Amino acid sequence: MKSSPLFFAVSSKISSCRKLFVTQSWRNYSSAAQQPHDLIVIGGGPGGYVAAIKASQLGLKTACIEKRGSLGGTCLNVGCIPSKALLHASQIYYDATHSNFSKWGIQMSPVNLDFPSMQQQKDKSVKNLTSGIEFLFKKYQVDYFKGEGTILGNDQVLFKSNQTDSEQLLSTKNILIATGSESSQLPFLPFDEKFVLSSTGALSLQHIPKRMIVIGAGVIGLELGSVFNRLGSQVTVLESNTERISPFLDREVSHTLKKILEKQGMTFKLGISVTNGHVDTLNKKVMLELESNAKGSTKAKEQIEADVVLVCIGRRPYTQRLGLENVGISLDEKGRIPVNDHLQTSSPSIYAIGDVVRGPMLAHKAEHEGFSVAEYLAGRSIPHLNYNAIPNVIYTHPEVASIGQTEQDLLTNSIPYRVGKFPFVGNARSKTIGEGMEGFVKVLTDAVTDRILGVHIIGMYAGELIAEAALALEYGASAEDIARTCHAHPTFAEAFKEAALMAYDGKPLNI
Ligand code: NAI
């Protein structure tokens with residue numbers, strides 16, 4: 001490698017970079033440049049910042065390079081956190097305008113919506129959290145480099161500052177790639193963030209569109225579609241799957257969720273291919289051409305229009321300008337960085353985690369992987385991640401949460417199973433809330449061993465309840481273990497105990 005033309009090209013690039021650094025940014029980074037780091041993390045999202053903090057806590061000299069200008073990645077800046085703030089605020093507004101508050105003895109005067117203030121409040125939550133991570137970096141002495149990192153060699157990263165326009169060569173024993181993902185777009189309808197929105201554009205809208213089309217009934221489509229539906233937009237969701245929304249969910253949960261969201265005012269069109277589209281800037285609307293892809297359909301074309309279109313058809317790994325070619329790392333067919341069980345790439349000193357590698361694109365999965373790599377590098381433990389015990393939450397109202405295998409997975413894999421299901425209508429705490437009675441907990445167990453194989457919940461606080469199921473799967477609990485565990489009364493969690501009781505003993509108590 002050292003004598004290859006690539007190395008020559010890289011090393012001459014390094015010398016010029018070094019010169020640049022010496023003249024322009026020595027003052028800022030002198031100590032960092034003199035001593036090699038043990039670990040340089042590229043990307044300061046949930047995977048990267050967790051890895052950086054943990055590695056530093058374990059005594060590794062650690063740096064994190066992040067170009068966004070604030071830490072926390074997509075999740076904190078333009079994803080999970082701002083969407084949860086808007087989901088919360090829009091639900092308060094929806095309750096105030098749609099619920100029968102007087103039955104609780106609460107009289108309302110007219111309710112007015114100040115959307116810019118709602119957005120400002122959301123921005124405050126984001127700022128609060130992102131600056132919190134910066135504080136933690138200082139506290140745990142993680143060197144924070146604001147700019148772009150490009151890998152030049154197995155132990156070298158070129159840092160380009162986005163503050164001073166300077167460059168600096170950093171040497172390191174290990175590199176961790178945690179660069180995340182970006183929204184996929186339709187080739188004929190690129191994002192302009194005015195009429196054609198990615199989730200980022202939708203989260204920063206300053207007005208409520210009258211008509212919104214959402215393409216993709218996945219996690220983002222259902223969450224952001226819910227936000228704007230609650231705030232008064234007429235929301236139509238187009239989904240290519242012919243049978244159900246969020247096809248990765250347990251079928252029964254998916255059907256129940258669709259019915260509930262339809263009752264809330266959202267419209268779904270399943271089995272739809274968007275074949276073309278354009279923005280009519282003169283009339284300020286977007287036109288889409290649709291075709292049914294349902295079996296036996298006539299493929300008749302339909303045209304629909306809206307004020308804005310939100311495209312959420314998945315995300316793709318982000319590896320631009322990372323310099324993977326400099327270290328011989330090639331991407332798989334989905335654009336992901338291949339890694340082994342230790343999250344190590346084909347170059348042993350370079351690791352990769354989160355959305356940029358295989359597995360679900362979830363913040364907590366990335367965190368989990370980042371934590372493991374830090375421990376591994378510090379010589380503490382070998383990564384041992386149970387990818388079957390990663391919970392998935394959709395923050396609609398009610399929430400949906402699932403973990404492990406669905407009934408369809410078990411059927412496909414011919415695994416004999418038992419089902420325990422308990423509706424929230426039989427749960428005491430739900431009854432005190434009224435609307436909390438929607439949904440159920442479904443527990444799937446191995447028919448022979450009683451071990452829990454999957455848990456699927458639709459209902460209020462499902463996102464919190466799934467933590468108990470995660471623990472159950474991680475520790476290999478049986479349904480009997482859960483059914484015999486004392487649960488506080490009255491709590492929503494009792495529904496999990498009842499569903500487990502049904503799976504193990506044939507019937508629940510309270511229904
Ligand atoms: P997704 O993978 O959740 O859903 C995409 C949906 O679009 C699927 O239902 C798919 O069948 C459909 N689809 C794909 N191409 C289509 C087309 N051309 N026309 C119509 N429908 C089409 O992707 P999404 O919602 O964009 O989210 C991206 C990632 O971010 C996911 O991995 C998700 O898990 C993650 N995320 C997680 C959140 C959470 O944990 N609450 C919140 C937001 C995002």
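First, a word on what this report is: a plain description of the structure on this page. Since the model is a prediction, treat every value here as computed from it, not as a measurement. (Residues numbered from 1 in each chain as written. Predicted model: local features only at pLDDT ≥ 70, side-chain atom pairs only at ≥ 80, totals over all residues. Heavy atoms only, no water.)

Considering the site of the ligand
Logical step 1: Around the ligand lies a shell of 22 residues, among which Ile220, Glu223, Glu239, Gly314 and Val393 are the nearest.
Logical step 2: Interatomic distance of 3.2 Å between a backbone N/O atom of Val219 and an oxygen atom of the ligand.
Logical step 3: The contact in question runs from an oxygen atom of the ligand to an N or O atom on the backbone of Ile220, over 2.9 Å.
Logical step 4: A total of 850 Å² of accessible area belongs to the ligand in isolation, and the protein chains cover 79% of it.
Logical step 5: Looking at the shell around the ligand, the elements that each hand over two or more residues are α8 (219–230) and β9 (234–239).
Logical step 6: Looking at the shell around the ligand element by element, the count peaks at three residues for α8.
Logical step 7: Per-class residue counts for the shell around the ligand are 14 nonpolar, four polar and four charged. (Near = heavy atom within 4 Å. Polar contact = N/O pair within 3.5 Å; in protein donor to acceptor, adjacent residues only side chain to side chain. Areas by Shrake-Rupley, 256 points an atom, 1.4 Å probe, with all protein chains shown as cover. Helix = DSSP H or I, 4+ residues; strand = E, 2+ residues; numbered from the N terminus. Nonpolar A, V, L, I, M, F, W, Y, C, P; charged D, E, K, R; others polar.)

Things to note about the pairing of strand β11 (residues 272–280)
Logical step 1: Inspection of the sheet shows β11 paired to strand β12 (residues 285–292) by eight bridges, in the antiparallel sense. Looking across to β12, one finds that His278 is bridged to Met287.
Logical step 2: Where β11 hands over to β12, the hairpin turn is made up of four residues, of which Lys284 adopts a positive phi near 50°. (Pairing = 2+ DSSP bridges.)

Some points on the sheet that holds strand β14 (residues 308–311)
Logical step 1: Taking strand neighbours across the sheet as the criterion, the five strands line up as β7-β14-β8-β9-β10 in an open arrangement whose pairing is parallel. Each of the sheet's edge strands pairs with one partner strand only, and the pair in question is β7 (196–197) and β10 (267–270).
Logical step 2: By the bridge criterion, two bridges tie β7 to β14 in an arrangement that is parallel. Note on β14: the bridge partner recorded for Val196 is Val309.

Observations regarding the packing of aromatic side chains
Logical step 1: Going through the model one piece at a time under the given rule, you end up with six aromatic pairs.
Logical step 2: Taking 5.8 Å as the distance between ring centres and 85° as the angle between the ring planes, the aromatic pair formed by Phe137 and Tyr144 counts as edge-to-face.
Logical step 3: Judged by its relative accessible area of 1%, Phe137 falls in the buried class.
Logical step 4: A ring pair is formed by Phe145 and Phe159, whose centres lie 5.1 Å apart and whose planes are at 70°; its orientation type is edge-to-face. Remark: Phe159 occurs in strand β4 (residues 156–161) and Phe145 occurs in strand β3 (residues 143–153); sequence separation between them is 14 residues. Each member of the pair, Phe145 as well as Phe159, carries the same accessibility label: buried.
Logical step 5: Taken together, Phe424, Tyr461 and Phe492 form an aromatic cluster joined through their ring pairs.
Logical step 6: Positioned above the aromatic ring of Phe440 is the side chain of Lys421, whose terminal nitrogen or guanidinium carbon lies 4.5 Å from the ring centre. (Phe/Tyr/Trp six-rings, centres within 6.5 Å; stacked < 30°, edge-to-face > 60°. Buried < 20%, exposed > 50% of the residue type's maximum accessible area, 1.4 Å probe, protein only. Lys NZ or Arg CZ within 6 Å of the ring centre and 35° of its normal.)

With respect to the nonpolar core
Logical step 1: The biggest cluster of nonpolar side chains holds 47 residues, and the ones touching the most others in it are Phe137, Ile151, Leu176, Ile177 and Ile337.
Logical step 2: A per-element tally of this core places helix α3 (residues 46–57) first, with six residues.
Logical step 3: Among residues more than four places away in sequence, those in contact with Phe137 are Tyr49, Ala52, Ile53, Cys64, Leu71, Val142 and Tyr144.
Logical step 4: Of all hydrophobic cores here, the second largest spans 35 residues; its members include Val214, Val253, Phe268 and Cys312. (Core = buried A, V, L, I, M, F, W, Y, C linked by side-chain atoms within 4.5 Å. Contact = heavy atoms within 4.5 Å.)

Read these as spatial facts, not as claims about activity.
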